[in-house]
Amino acid sequence: MANLYDSAYDLEKAIRESVEFNELKTAFQAVMNDPTSRKMFEDFRNTQMELQQKQMQGLNITEQEVENARKIVELVQQHEGIANLMEKEQRLNVVINELSQIITKPLEELYGGQ
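About the cut-offs
- Residues numbered from 1 in each chain as written.
- Predicted model: local features only at pLDDT ≥ 70, side-chain atom pairs only at ≥ 80, totals over all residues.
- Heavy atoms only, no water.
- Salt bridge = Lys/Arg side-chain N within 4 Å of Asp/Glu carboxyl O.
- Helix = DSSP H or I, 4+ residues; strand = E, 2+ residues; numbered from the N terminus.
- Buried < 20%, exposed > 50% of the residue type's maximum accessible area, 1.4 Å probe, protein only.
- Core = buried A, V, L, I, M, F, W, Y, C linked by side-chain atoms within 4.5 Å.
- pLDDT = per-residue confidence, 0-100.
- Phe/Tyr/Trp six-rings, centres within 6.5 Å; stacked < 30°, edge-to-face > 60°.
- Polar contact = N/O pair within 3.5 Å; in protein donor to acceptor, adjacent residues only side chain to side chain.
- Contact = heavy atoms within 4.5 Å.

### Considerations on the pattern of salt bridges
Phase 1: This model, assessed by the stated rule, comprises nine salt bridges.
Phase 2: Of the charged contacts in the structure, one is a salt bridge between E23 and R91, with a shortest N-O distance of 3.7 Å. Taken as a pair, E23 in helix 2 (residues 19-32) and R91 in helix 5 (residues 80-103) lie far apart in primary sequence, 68 residues in all.
Phase 3: In this structure E23 comes out as partly exposed when scored by relative accessible area, which is 29%.
Phase 4: Residue R91 is classed as partly exposed on the basis of its relative accessible area of 41%.
Phase 5: Between E67 and R70 there is a salt bridge, with the nearest N and O atoms lying 2.3 Å from each other.

### Considerations on the nonpolar core
Phase 1: Grouped together as the largest cluster of nonpolar side chains are twelve residues: L24, A27, V31, M32, M40, F41, F44, I72, V76, I82, L85 and L92.
Phase 2: Among the secondary structure elements, those contributing two or more residues to this core are helix 2, helix 3 (35-56), helix 4 (63-78) and helix 5.
Phase 3: Residue contributions to this core peak at four residues, all from helix 2.

### Digging into the confidence of the model for the chain
Phase 1: Looking at the chain, the pLDDT average stands at 93 and 97% of residues meet or exceed 70.
Phase 2: Mean pLDDT in the chain bottoms out at helix 4, which sits at 91, and peaks at helix 2, which reaches 98.

### So, the packing of aromatic side chains
Phase 1: All chains considered together, the criterion is met by two aromatic pairs.
Phase 2: Taken together, a centroid distance of 6.3 Å and an interplanar angle of 80° make the contact between F28 and F41 edge-to-face. Here F28, found in helix 2, pairs with F41, found in helix 3; they are 13 residues apart in sequence, far enough to count as distant.
Phase 3: On the basis of relative accessibility, which here comes to 8%, the residue F41 falls in the buried class.
Phase 4: Residues F41 and F44 carry aromatic rings whose centres are separated by 6.5 Å and whose planes lie at 40° to one another, so their mutual orientation is tilted. In this pair, F41 and F44 are both assigned in helix 3, three residues apart and thus about one turn of the helix distant.

### A word on the side chain of K54
Phase 1: Note that K54 resides in helix 3.
Phase 2: A distance of 2.9 Å separates polar atoms of two side chains, one belonging to K54 and the other to E65.
Phase 3: In contact with K54, not counting residues within four places along its chain, are L59, N60, I61 and E65.

Below is the structure:
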């Protein structure tokens, strides 16, 4: 029987070598190498994290915070490099979600058959 951890590390290696990951890595490096893009991206990520933390803590998010986040999202979506990065990230997330479905299939079959 295969060692599950060995298989997991093989999967990690396959992800690192995948086209999707390498395109994401290239897009990320392009954004990080441009100071303006980097600042814009970091502001976007910080805003995301702050709102997620507030939600997890059960705190209310104000309309001003929602409006500020909306403006930041609109701004980064208009930035070609960041929009490309987000597209590449989404593609890799699709692959990871598909892999997750494959990995959890035995549980789904076990519990789904009840």
